[in-house]
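Tertiary structure, described
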Protein chains: 2
Amino acid sequence: MKILVADDDADLRELIAFGLAQAGYLVIKAADGPAALERFAAESPDLVVLDINMPGMSGFQVCDTIRRDSRVPVLMLTVRGEEEDLVRALDLGADDYLTKPFSPRTLLARIRALLRRSGVEAGAPLAAGRVTLDVTEHAVRIGTAPPVRLTKLELRLLQMLLAHAGRTVNSDHLLVHVWGHRSGGDRQLLKQLVHRLRQKIEADPSAPSLLRTSAAGYKLLVD
Amino acid sequence: MKILVADDDADLRELIAFGLAQAGYLVIKAADGPAALERFAAESPDLVVLDINMPGMSGFQVCDTIRRDSRVPVLMLTVRGEEEDLVRALDLGADDYLTKPFSPRTLLARIRALLRRSGVEAGAPLAAGRVTLDVTEHAVRIGTAPPVRLTKLELRLLQMLLAHAGRTVNSDHLLVHVWGHRSGGDRQLLKQLVHRLRQKIEADPSAPSLLRTSAAGYKLLVD
DNA sequence: CCCGTTTATAACCTGTTTGTCACCCGCCGG
DNA sequence: CCGGCGGGTGACAAACAGGTTATAAACGGG
């Protein structure tokens, strides 16, 4: 389950992202409106959390633009007391709102409710085949082997592969998901990251049995 | 997946075509209404992008004519503010519309949504006769034989032939689709590529039964 | 501020893919 | 009969992509 969080306040953004990741969601972050739209197009998240106050392009505009393409649930973040903001947000097709400050617990509850309402809810798949990913611990377990700690980037890579277990994930998609920016040339980073991840999860890293190179990308074998 | 783009503005047409080609679609272009209908009949695209403002024969007429024969998804391009245009377009059976100016990204998102809605969505392997192409895996399967891996260029060549299965595809079209640039002279590349592809998919490469040479180009036999 | 960890950059090696060349053959017109 | 043309074939080199190792830069917790 992928959730896009767009907020220009880095602290708040990270707080939200952390909370959602804890809860087992795959989180995509954006610091401003254009970035949000870009990540939205690239990732097709299942839900969007959108701050109204963003420099440059407001949450309203982002919401409006998203609504032209998609019926994805949108949850807006507002400051208390801006009544007309709420009205406008809901007019533009937002599905719910939350006034700051709010507790992570509340946010989570609202998100669950939204996902349930939109019928997308389905226990976050943290496992496929012999691979079990514990997002809160940044750890992965292969079969019954003891858990291995993963770094942030390794986790994101594995999360993406796990979300598409059994299918090939295009290198460009992986690049965008793990690093966000970087359009073209940076295959080298992915190469390294895959290498490091293989060292951690493969029984024999030189003959990968789980994380396979395939066509134009990589895939996680599940059978 | 074939998409017909009809727009009299050459710049916009090429921009759209480029974006779609990048996204892996096979693009057919038309500069006016009659050409659009002609290409539509000849190519049976999976989706049509239609500009309303075209000299001679308007997008409305084209849409109307197409709708007599086909339920293919149609996306209309309008200029902002022409409210009644929209109504008319949707009346005539267009499935979605987009007001200019729009970003290539938005167009792509809409097209994906339309294809998904119409149940044609990619991911479904491209197939004709005994040939089944799995684009994400870069693999082709002939009848029940085990899948064969294809290189990037082989894949593009086969994609083009498969999209026009049974009909001859002009060498120049193949050159443009596979390599993009390159003026006429480079037949040698195509010759080689065909040769390599035959080694992979023909039972007897020296007596091709699938990928046949035919006047001015190549074709894929399906029956 | 320091130290260990994580991430980025670079270089090298390998096998694969692609571009190029030379040459073959069958066909056709002179 | 001959020579040119177009497609098919095999060989080879350049370019490329992925794997590996080493090292530098950035980060983050104490």
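Residues numbered from 1 in each chain as written. Chains lettered and ligands numbered in written order. Predicted model: local features only at pLDDT ≥ 70, side-chain atom pairs only at ≥ 80, totals over all residues.

1. A closer look at the protein's contact with DNA strand D
In the neighbourhood of DNA strand D, 18 residues make up the surrounding shell, with His195, Ser206 and Thr213 of chain A together with Ser206 and Thr213 of chain B lying closest. Of all the secondary-structure elements, those providing two or more residues to the surface near DNA strand D are α8 (187-201) of chain A together with α8 (187-201) of chain B. Here the residues of the surface near DNA strand D are counted per class, giving four nonpolar, eight polar and six charged. (Near = placed C-beta within 6 Å. Helix = DSSP H or I, 4+ residues; strand = E, 2+ residues; numbered from the N terminus. Nonpolar A, V, L, I, M, F, W, Y, C, P; charged D, E, K, R; others polar.)

2. Brief notes about the sheet that holds strand β4 (residues 74-79) of chain A
All names here are of chain A. In space, the five strands of this open sheet follow the order β2-β1-β3-β4-β5, with parallel pairing throughout. The open sheet has two edge strands, β2 (26-30) and β5 (96-100), and neither has a second partner. Pairs of neighbouring strands in the sheet enclose a mean axial angle of 20°, with direction left out of account. Inspection of the sheet shows strand β1 (residues 2-6) paired to strand β3 (residues 47-51) by four bridges, in the parallel sense. By the bridge assignment for β3, Ala6 is matched with Leu50. Along the sheet face, helix α1 (residues 10-22) touches β1, β2 and β3 and points at about 170° away from the line of β2. (Pairing = 2+ DSSP bridges. Axes fitted to C-alpha atoms, helices over the stretch in contact; angles between N-to-C directions. Contact = placed C-beta atoms within 7 Å.)

3. Thoughts on the confidence of the model for chain A
This prediction gives chain A a mean pLDDT of 82; 88% of its residues lie at or above 70. For residues 121-125 of chain A, every residue scores under 50 in pLDDT, and the model assigns this stretch five contacts once sequence neighbours within four places are set aside. (pLDDT = per-residue confidence, 0-100.)

4. Looking at the protein's contact with DNA strand C
Around DNA strand C, the structure places 15 residues, and the nearest of them are Thr151 and Lys152 of chain A together with Thr151, Lys152 and Leu153 of chain B. Contributing elements (two or more residues each) for the surface near DNA strand C: α6 (152-163) and α8 of chain A together with α6 (152-163) and α8 of chain B. Each residue belonging to the surface near DNA strand C can be placed in one class, and the counts come to five nonpolar, six polar and four charged.

5. Focus: the pairing of strand β11 (residues 211-214) of chain B
Residue and element names in this part refer to chain B. In this sheet, strand β12 (residues 217-220) lies alongside β11 in antiparallel orientation, the contact comprising four bridges. Pairing of Thr213 across the sheet is with Tyr218, part of β12. Counted between consecutive antiparallel strands, the loop separating β11 from β12 contains two residues, among which Ala216 sits at a positive phi close to 70°.

6. Let's talk about the sheet that holds strand β7 (residues 131-134) of chain B
All names here are of chain B. Taking strand neighbours across the sheet as the criterion, the four strands line up as β6-β7-β8-β9 in an open arrangement whose pairing is antiparallel. Of all the strands in the sheet, just β6 (126-128) and β9 (148-149) have a single pairing partner and so form its edges. On the sheet, α6 packs against β6, β7 and β8 (139-142) and is oriented at approximately 130° with respect to β7.

7. Structural notes on the environment of Asp32 of chain B
Tracing the backbone shows Asp32 of chain B in the loop between β2 (26-30) and α2 (33-43). For Asp32 of chain B, the contacting residues outside a window of four places in its chain are Asp8, Met54, Pro55, Gly56 and Met57 of chain B.

8. A short note on the interface of chain B and chain A
By a frequent convention, interface size equals the accessible area lost on bringing the separate parts together. Each partner contributes to the interface: chain B provides eight residues, whereas chain A provides eight residues. Among the residues forming the side of chain B that touches chain A, the class breakdown is two nonpolar, three polar and three charged.

9. Structural notes on unusual backbone geometry
In this model, Ala215 of chain A sits at a positive phi of 30°, which is unusual for a non-glycine residue. With respect to the secondary-structure elements, Ala215 of chain A resides in the loop between β11 (211-214) and β12 (217-220). We classify Ala215 of chain A as buried; it has 20 C-beta atoms within 10 Å. In this model, His138 of chain B sits at a positive phi of 55°, which is unusual for a non-glycine residue. Among the structural elements, His138 of chain B can be located in the loop between β7 and β8. (Buried ≥ 20, exposed ≤ 12 C-beta atoms within 10 Å, placed from the backbone.)

10. Observations concerning the nonpolar core
In this structure, Ile3, Leu4, Val49, Leu50, Met76 and Leu158 of chain B are the most contacted members of the largest nonpolar core, which totals 53 residues. Tallying contributions element by element places α6 of chain B first for this core, with six residues. Of all hydrophobic cores here, the second largest spans 35 residues; its members include Met1, Ile3, Val49 and Ile111 of chain A. (Core = buried A, V, L, I, M, F, W, Y, C linked by C-beta atoms within 7 Å.)

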